[in-house]
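Each chain, letter by letter, is given below.
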Amino acid sequence: GAVTAGVLRGQKARFQLFGDTVNTTARMESNGLPGRIQASEATFKALGKLGKGHWARKRDELVQAKGKGKMQTYWVDPKMSDASTIESASSLESEGISGVPHIEDWRMAAKMEG
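What you see is a predicted model, and the numbers here were worked out from it, not measured in a lab.

Some points on the overall build of the protein
When you go through the protein residue by residue, the secondary structure sums to 4 helices and 7 strands. Of the regular secondary structure in the protein, the N- to C-terminal order runs β-β-α-β-α-β-β-β-β-α-α. Here the protein holds 114 residues, and 23% of them are scored as buried. Long-range pairs, those at least 24 residues apart, make up 39% of the contacts in the protein with a sequence separation of at least 6. Entry remark: accessible area of the protein is about 8100 Å², with carbon and sulfur atoms responsible for 54%.

In structure tokens, the structure reads:
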């Protein structure tokens, strides 16, 4: 989502982000669990459009977010085993869309945790 960024001056200048997306993220973070990746409904839908809806599982309970009410969020499981993931990530990157995690990146992260 949209954010506004700027440098706040004072005794100690600092970079700050503002916007609904930042606030929602902060609320989700306070309801997360260590070692788990939590995604919003919008991110879950985006994964689905990319054919990666199987990466996420609906969270059993709704998240109570201050100023938002109850939100449905999803757990993203980095231990997916779908071989088409590699092909999809490569095709997206060949179209100039970067930042798509490769399955090997997820597997390495899972090994480091376990």
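Focus: the packing of aromatic side chains
For the coordinates displayed, the defined rule picks out 1 aromatic pair. Residues F44 and Y74 carry aromatic rings whose centres are separated by 4.0 Å and whose planes lie at 0° to one another, so their mutual orientation is stacked. Placement of the pair is F44 in helix α2 (residues 41-49) and Y74 in strand β7 (residues 74-76), with a sequence separation of 30 residues. Lying across the ring of W75, R36 places its NZ or CZ 4.4 Å from the centre.

Some words on the nonpolar core
Membership of the largest hydrophobic core is limited to 6 residues, which are A39, L47, W55, A56, Y74 and V76. The contacts of A56, once residues within four sequence positions are left out, are F44, L47, Y74, W75 and V76.

Re the pattern of salt bridges
Throughout the structure, instances matching the rule amount to 2 salt bridges. Of the charged contacts, one joins D20 and K68 as a salt bridge, the two residues approaching to 2.8 Å between their closest N and O atoms. Linking D20 in helix α1 (residues 20-30) with K68 in the loop between β5 (63-65) and β6 (69-71), this pair joins segments that are 48 residues apart in sequence. Among the ionic pairs, R59 bridges to E61, the shortest N-O distance being 2.6 Å.

What to know about the environment of E61
Following the sequence through the fold, E61 ends up in the loop between β4 (56-58) and β5. Residue classification places E61 among the partly exposed positions, given a relative accessible area of 40%. Residues E61 and Q72, spaced 11 residues apart in sequence, show a C-alpha to C-alpha distance of 7.6 Å. Engagement of the side chain of E61 in a polar contact is seen with the side chain of R59, the distance being 2.6 Å.

Comments concerning the environment of L17
Structurally, L17 is set in strand β2 (residues 14-18). Between the C-alpha atoms of L17 and V7, which are 10 residues apart in sequence, the distance is 8.9 Å. Residues contacting L17, with those up to four places away along its chain left out, are V3, T4, A5 and V22.

A word on a nonpolar patch on the surface
On the surface, a cluster of nonpolar side chains totalling about 380 Å² of accessible area is made up of V3, V7, F15 and L17. Mapping V3 onto the fold places it in the segment before β1 (4-8). For V3, a relative accessible area of 43% corresponds to the partly exposed category.

Calculation notes
Residues numbered from 1 in each chain as written. Predicted model: local features only at pLDDT ≥ 70, side-chain atom pairs only at ≥ 80, totals over all residues. Heavy atoms only, no water. Helix = DSSP H or I, 4+ residues; strand = E, 2+ residues; numbered from the N terminus. Buried < 20%, exposed > 50% of the residue type's maximum accessible area, 1.4 Å probe, protein only. Contact = heavy atoms within 4.5 Å. Areas by Shrake-Rupley, 256 points an atom, 1.4 Å probe, with all protein chains shown as cover. Phe/Tyr/Trp six-rings, centres within 6.5 Å; stacked < 30°, edge-to-face > 60°. Lys NZ or Arg CZ within 6 Å of the ring centre and 35° of its normal. Core = buried A, V, L, I, M, F, W, Y, C linked by side-chain atoms within 4.5 Å. Salt bridge = Lys/Arg side-chain N within 4 Å of Asp/Glu carboxyl O. Polar contact = N/O pair within 3.5 Å; in protein donor to acceptor, adjacent residues only side chain to side chain. Patch = residues over 30% accessible without salt bridge, like charges linked within 9 Å, V, L, I, M, F, W, Y side chains within 5 Å.

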